[in-house]
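Close look at the chain arrangement
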Amino acid sequence: KKMMIIGDIGSIAGILFILLVMLSGRMELWHIYLGVGISSISAAILNPAYKAVVSDLVSEEMYSQASGLIQLASSAQYLISPLIAGLLLSTFDIQLVLLIDMLTFLLAVGAVLMIMKVDTTPQKHERQSFFREMSEAFHYLLSKKGVFLFVLLMSVVCFYIGLLQSLFGPMMLTLTDSKTLGIALSVSASGMLVSSLLIGLFGMGKRKVFMLSFSLVLAGLFYALMGVFTSVWINMVFGFLFFITLPFVNTSLEVLIRTNVENE
């Protein structure tokens, strides 16, 4: 719970830094890098704690549905936010968008404080240094070859999603305006909403490895096709199809890792 709250507060600090520099009228490119860097580090603190708590609160049979619902929540940042941001930027200044962004993190902190009142009883462990714990974690990871390969695969998937997040906007802005970009991102991400909802309701069955392999092939195909055409609408279609496959990839990986690692 503390890690999630620290992560959200750190994200606020990164955005607040950019906002204050912007208000001072001395904005430079490195200020944006620094602010986004602070927010990214904070997200890296928050996400593992957020994912780990699922293993405490949910039985193993419900891992697929729980991961699907996490994907459903994650799809909001791609589905709702770009559309709202595009509409706001066409009418208001970016400073308002940053203020709203900070308020959403405060809402997240409030939600954690309200919802996470019921804690599982932690087993007592001998306290160790940070580096000792990190060393043990890597030794454990390397001792389980299958889990290690899944983690590497997830890292590669995240790397390419990061490229898409960075390059899709500039690519589309060479073809259209920011308002249409927001619509394109929301339409594309609605694919993630559809498949996340299906997984959350029905799960994924037992053939997780087959589902992972099949989804990765389709994801790679649709990902590549987004860069082939200069039509905004065609890119929206392939973006939609790519995001449909993403929850199946992520959920398969998450469940396979979760079920092969002891909760302790």
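Look up: the structure comes first, before these words.
Note that the coordinates shown come from a computational prediction; the quantities given were computed from them, not determined experimentally. (Residues numbered from 1 in each chain as written. Predicted model: local features only at pLDDT ≥ 70, side-chain atom pairs only at ≥ 80, totals over all residues. Heavy atoms only, no water.)

A word on the nonpolar core
Ranked by internal contacts, the top residues of the largest apolar core, which has 25 residues, are Phe168 and Phe242. Elements with a minimum of two residues in this core: α7 (145-173), α8 (178-202), α9 (208-225) and α10 (232-259). Counting residues per element, this core draws most heavily on α10, which supplies ten residues. Apart from residues no more than four positions distant in its own chain, Phe242 is found in contact with Leu164, Ala219, Phe222, Tyr223 and Met226. (Core = buried A, V, L, I, M, F, W, Y, C linked by side-chain atoms within 4.5 Å. Buried < 20%, exposed > 50% of the residue type's maximum accessible area, 1.4 Å probe, protein only. Helix = DSSP H or I, 4+ residues; strand = E, 2+ residues; numbered from the N terminus. Contact = heavy atoms within 4.5 Å.)

Considering a nonpolar patch on the surface
Taken together, Leu29, Trp30, Ile32, Tyr33, Leu34, Val36 and Ile38 make up a surface patch of nonpolar side chains, about 670 Å² in accessible area. Within the element layout of this structure, Tyr33 appears in helix α2 (residues 29-57). (Patch = residues over 30% accessible without salt bridge, like charges linked within 9 Å, V, L, I, M, F, W, Y side chains within 5 Å. Areas by Shrake-Rupley, 256 points an atom, 1.4 Å probe, with all protein chains shown as cover. Salt bridge = Lys/Arg side-chain N within 4 Å of Asp/Glu carboxyl O.)

Thoughts on the packing of aromatic side chains
Per the stated rule, a full pass over the model turns up seven aromatic pairs. Consider the rings of Phe159 and Tyr160, whose centres lie 5.3 Å apart with planes at 80°: the pair is edge-to-face. Centroid distance Phe242 to Phe243: 5.5 Å. Interplanar angle 75°. Geometry classified as edge-to-face. Assigned by exposure class, Phe242 and Phe243 land together as buried. These aromatic residues form a ring-pair network of at least three members: Phe159, Tyr160, Tyr223, Phe242 and Phe243. Lying over the aromatic face of Phe210, Arg207 brings its terminal NZ or CZ to 4.6 Å of the ring centre. (Phe/Tyr/Trp six-rings, centres within 6.5 Å; stacked < 30°, edge-to-face > 60°. Lys NZ or Arg CZ within 6 Å of the ring centre and 35° of its normal.)

Here's the deal with the packing of α9 against α10
Interhelical geometry of α9 versus α10 gives an angle of 150° and a closest axis separation of 8 Å. Taken as axis vectors, α9 and α10 run roughly antiparallel relative to one another. Like other packed secondary-structure pairs, α9 and α10 cross with a definite hand, here left-handed. Between α9 and α10, the residues in contact are Lys208, Val209, Met211, Leu212, Ser215, Leu216, Leu218, Ala219, Phe222, Tyr223 and Leu225 and Asn235, Phe238, Leu241, Phe242, Thr245, Phe248, Val249, Ser252, Leu253, Val255 and Leu256, respectively. Class assignment for the residues of the contact of α9 with α10 results in 17 nonpolar, four polar and one charged. (Axes fitted to C-alpha atoms, helices over the stretch in contact; angles between N-to-C directions. Parallel < 35°, antiparallel > 145°, perpendicular 65-115°, else oblique. Left-handed = near helix turned anticlockwise from the far one by under 90°. Nonpolar A, V, L, I, M, F, W, Y, C, P; charged D, E, K, R; others polar.)

Notes on the pattern of salt bridges
If you walk through the whole model with that rule in mind, you get two salt bridges. Here Arg132 ties to Glu136 by a salt bridge, and the two come within 3.7 Å at their closest N and O atoms. A residue pair is termed a helical-turn pair when its members lie 3 or 4 positions apart in one helix, as Arg132 and Glu136 do in helix α6 (residues 130-143) at four residues. Given the relative accessible area of 39%, Glu136 is considered partly exposed.

Brief notes about the packing of α7 against α8
Where α7 meets α8, the closest approach of the two axes is 9 Å, and the angle between their N-to-C directions is 135°. Considered as vectors, α7 and α8 are oriented oblique to each other. In terms of crossing hand, the pair formed by α7 and α8 is right-handed. Taken together, the residues of α8 that come into contact with α7 (itself represented by Phe168, Gly169, Met172 and Leu173) are Ser178, Leu181, Ala184, Leu185 and Ser188.

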